[in-house]
Amino acid sequence: MSAPRINPSILAADFVNMESELARIAGADFVHVDVMDNHFVPNLTFGPQMVTRVQETSPVPLDVHLMIDDPDRWAPAYAELGAASVTFHLEAAASPIALARRLRSIGARAGVAVKPGTPVENLFDALDEFDQILVMTVEPGFGGQSFMPETMPKLRALADEAKRRGSSVWLQVDGGIGESTIAQAAEAGADTFVAGSAVFGADDPDRAIQSLRSTAARHRH
């Protein structure tokens, strides 16, 4: 069983000093890049140009999370610019399986995300079409929200189903993840954790990453 993966979110980084901020998280597994379009979610971050620059300067691979409308059209471009993983929202995709296959064909890991209120049972028969399922533990669109423990039964159901089917899909959580909540998510079956302020807000981000990883490992499903 691989070690828990910690993916710091650059939403919590200092955008003006992005290159030095990325250097502070060299011990991470991926850097989580939230792309928001002010349509699917009520916030706007950045698009392909910024992601390209992060790709050029990051010491770790990119885990791109697209909180955008029409990912069927736009998501492949993020795979083409070299992102290691591209996650789109189930609620926004017209043909999620076809899109996942397209992302894989380009060379990226294909991820699908679900909002807190979206059921996951429809994904059970398609687990192997995805490399990662992201269970949002806050409503998508803003950083700094509080972790929603009511999303844990859904995560546990996914983890149990993946185990039953022998699936190697990664189960990711994003939203309010820190020392006090990562244990709950690990116990419910998550193995990949997005953390924002818990990493970039620390005096020593790499030490924070190591601490989160060891806490998750102690409480794993």
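Fair warning: this is a prediction, and the values are worked out from it, not measured in the lab. (Residues numbered from 1 in each chain as written. Predicted model: local features only at pLDDT ≥ 70, side-chain atom pairs only at ≥ 80, totals over all residues. Heavy atoms only, no water.)

**Observations concerning the packing of helix α3 (residues 71-80) against helix α4 (residues 96-106)**
(1) Moving on: Between α3 and α4, whose axes approach to 9 Å, the crossing angle comes to 15°. Comparing their axes, α4 and α3 come out roughly parallel. Note that α3 runs across α4; the crossing there is right-handed. Taking contact as the criterion, the partners of Pro71, Asp72, Ala75, Pro76, Ala79 and Glu80 in α3 are, on α4, Leu99, Arg102, Leu103 and Ile106.
(2) Moving on: Its residues assigned to classes, the contact of α3 with α4 comprises seven nonpolar, no polar and three charged. (Axes fitted to C-alpha atoms, helices over the stretch in contact; angles between N-to-C directions. Helix = DSSP H or I, 4+ residues; strand = E, 2+ residues; numbered from the N terminus. Parallel < 35°, antiparallel > 145°, perpendicular 65-115°, else oblique. Left-handed = near helix turned anticlockwise from the far one by under 90°. Contact = heavy atoms within 4.5 Å. Nonpolar A, V, L, I, M, F, W, Y, C, P; charged D, E, K, R; others polar.)

**Here's the deal with unusual backbone geometry**
(1) Moving on: The backbone phi angle of Asn38 is positive, close to 65°, even though this residue is not glycine.
(2) Moving on: Along the chain, the position of Asn38 falls in the loop between β2 (31-36) and α2 (48-57).
(3) Moving on: With a phi angle near 55°, Asp70 is a residue other than glycine that sits in the positive phi range.
(4) Moving on: Among the secondary structure elements, Asp70 is positioned in the loop between β3 (62-67) and α3.

**Overview of the UniProt feature "binding site: substrate" (unreviewed entry) in the protein chain**
(1) Moving on: When the UniProt feature table is mapped onto this chain, "binding site: substrate" (unreviewed entry) is found at Ser9, His65, Gly141, Phe142, Gly143, Gly144, Asp174, Gly175, Gly176, Gly196 and Ser197.
(2) Moving on: Mapped onto the fold, Gly144 is located in the loop between β6 (132-136) and α5 (152-165).
(3) Moving on: Residue class for Gly144 comes out exposed when judged on its relative accessible area of 82%.
(4) Moving on: Along the chain, Asp174 turns up in strand β7 (residues 170-174).
(5) Moving on: Of the residues examined, Asp174 reaches a relative accessible area of 10% and is grouped as buried. (UniProt positions renumbered as here; feature names shortened; annotations may be inferred. Buried < 20%, exposed > 50% of the residue type's maximum accessible area, 1.4 Å probe, protein only.)

**Remarks on the pattern of salt bridges**
(1) Moving on: Under the criterion given, the structure shown has 11 salt bridges.
(2) Moving on: Taking the shortest distance from any N to any O, the salt bridge between Arg165 and Asp125 comes out at 2.7 Å. Here Arg165, found in helix α5, pairs with Asp125, found in the loop between β5 (109-114) and β6; they are 40 residues apart in sequence, far enough to count as distant.
(3) Moving on: For Arg165, a relative accessible area of 37% gives the class partly exposed. (Salt bridge = Lys/Arg side-chain N within 4 Å of Asp/Glu carboxyl O.)

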